[in-house]
Amino acid sequence: MSVRRLAPDHVQPASFAFDAANENWADQQIAKYPEGRQASAVIPLLWKAQEQHHGWVPRAAIEEVARKLGMAPMRVMEIATFYTMFNLQPVGQHYVQLCGTTPCALRGAEALKKVCEDVIGPQSTVTADGKLSWLEVECLGACCNAPMAQINFDYYEDLTPANFKALLEDLRHGRPTKPGPQNGRTGSEPLGGGETLKDPGLYDGSMIGAGDWQKRVTEQRKAAAEAAAAKAAAEAEAKKAAADAAATGTAGPTDIKEAPAPAAASPGRPKPSDPAQPSGRAQDTPSAASDTIKDTSAKDISAKTPARRPRAAKPTDKPVK
C-alpha cells in the first residue's frame, strides 16, 4: 500500500467552509442517521468537500467535516488517507487515472504512461495551465476494453498512444470528447465487430416452420379473432332476447324450466333404523329377535350333524394310569 500524506503546507488553504448549497446537502445527509450516529456521514461529506475544492481534500476540509460531525479530526484524517478516492494533493481540471494493472499492461498501458509523462509530466503534478494531472491506479474494471483510463468521472477505453495523446490535447483545449471505446466498437463487443448472429434468418423468424409461416400465423390469428367476435355477438343476441321476453312477460325457449322430480320418483336412501340398512354386527344392539335367530341356527346345526362315536382302542395304546 502506498503512503498517502497531505499536501505540503504552502498549498494548503487557510480555511474551508461548505457553500450554501453544499451545506444544505450535508445537513440532509446527516439527517439520514439516528442521533449519535452522525459519523456515518463522513464519507459523503468528504466527497462533497473534494468536489467543492477543485477535486482534492485539504486539511481545512478534514477539520470542517470533523467539526460538523462531532468527530476527532484524526478519525476523519484516517478515513481520508485510507481511501484512494480522496485526493490529498491538488489535481488538474482533468484528472487522469491511468490503469496499470496486468490486463491493461498487456495491452499497452506502458506506452500510455510515456504519453502522460511527455504531455503532463511526472505523476501527481499539475500542468502549468492547471488543466491536466495524472496518476497510475489499480484495476478500474474495464479489462475487456484495455488499455483504459478514467478522466474525472468518465471512462475512455481502447486507447493507443496516438488517440490518447489526441484526447489529452482535446481536453486541454476544451474541445468535446466522446467517452467509451476510442476505436469505434460498441461496448465490449469483439474487435472488428460481432462474430455471432450474423445470419438474419437466426432472428427474423424466416427459419421457423415450412412455407410462409408469417402468413399462416396471421391467418390463424384472424380466424381466431373472427370466431371470438361471432361468439360474443351470439351471446349478446341471446341476452337481448331474454331481456325482451322478460319485459313482455312471455316465456321464451330459454325461460322454460323443468319441474323437479317428485321424491317418490327416486329411490329413497335407507334410514339408519330401516332393516334394509346394512350394518356391522359389532355396531348392532343385541335384541330378543337376534337371540332367537342365534338359538334356532344353533339347533339346526346340531340336528343335522351326526353324533361322533368313540374311537376303538388299539393294541398299541397304553393303559391310562
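Counting from 1, residues in each chain are numbered in the order their sequence is written. Predicted model: local features are reported for residues with pLDDT of at least 70 only, side-chain atom pairs are reported and counted for 80 or more only, and whole-chain, interface and lining totals are derived from all residues. With hydrogens and water excluded, all non-hydrogen atoms of the structure serve as input to the side-chain values.

Enquirer: When you look at the pattern of salt bridges in this model, what are you seeing that I'm missing?
Expert: Oppositely charged side chains can pair when the atoms bearing their charge come close. Any Lys or Arg side-chain nitrogen located within 4 Å of an Asp or Glu carboxyl oxygen qualifies as a salt bridge. The full count for this structure, using the stated rule, is 12 salt bridges. Across the pair D129 and R172 runs a salt bridge whose closest N-O atoms are separated by 3.4 Å. Taken as a pair, D129 in the loop between α6 (109-119) and β2 (132-137) and R172 in helix α7 (residues 161-172) lie far apart in primary sequence, 43 residues in all. Since its relative accessible area comes to 43%, D129 is described here as partly exposed. Under the relative-accessibility criterion, R172 is labelled partly exposed at 22%. D170 is the partner of R175 in a salt bridge, and the nearest nitrogen-oxygen pair spans 2.8 Å. Take D170: its relative accessible area is 21%, and that puts it in the partly exposed class. Helical segments are the DSSP runs of H or I of at least four residues, strand segments are the runs of E of at least two, and each set is numbered from the N terminus. We call a residue buried when its accessible area falls under 20% of the maximum for its residue type, exposed when it is over 50%, and partly exposed in between, using a 1.4 Å probe and counting protein chains only.

Enquirer: I keep staring at unusual backbone geometry and nothing clicks. Help me out?
Expert: The peptide bond linking A146 to P147 adopts the cis configuration, its omega dihedral lying at -5 degrees. Its location among the elements puts P147 in the loop between β2 and β3 (149-151). Unlike most non-glycine residues, N152 shows phi in positive territory, near 55 degrees. When you line up the elements, N152 lands in the loop between β3 and β4 (154-157). For D158, which is not a glycine, the phi torsion comes out positive at approximately 55 degrees.

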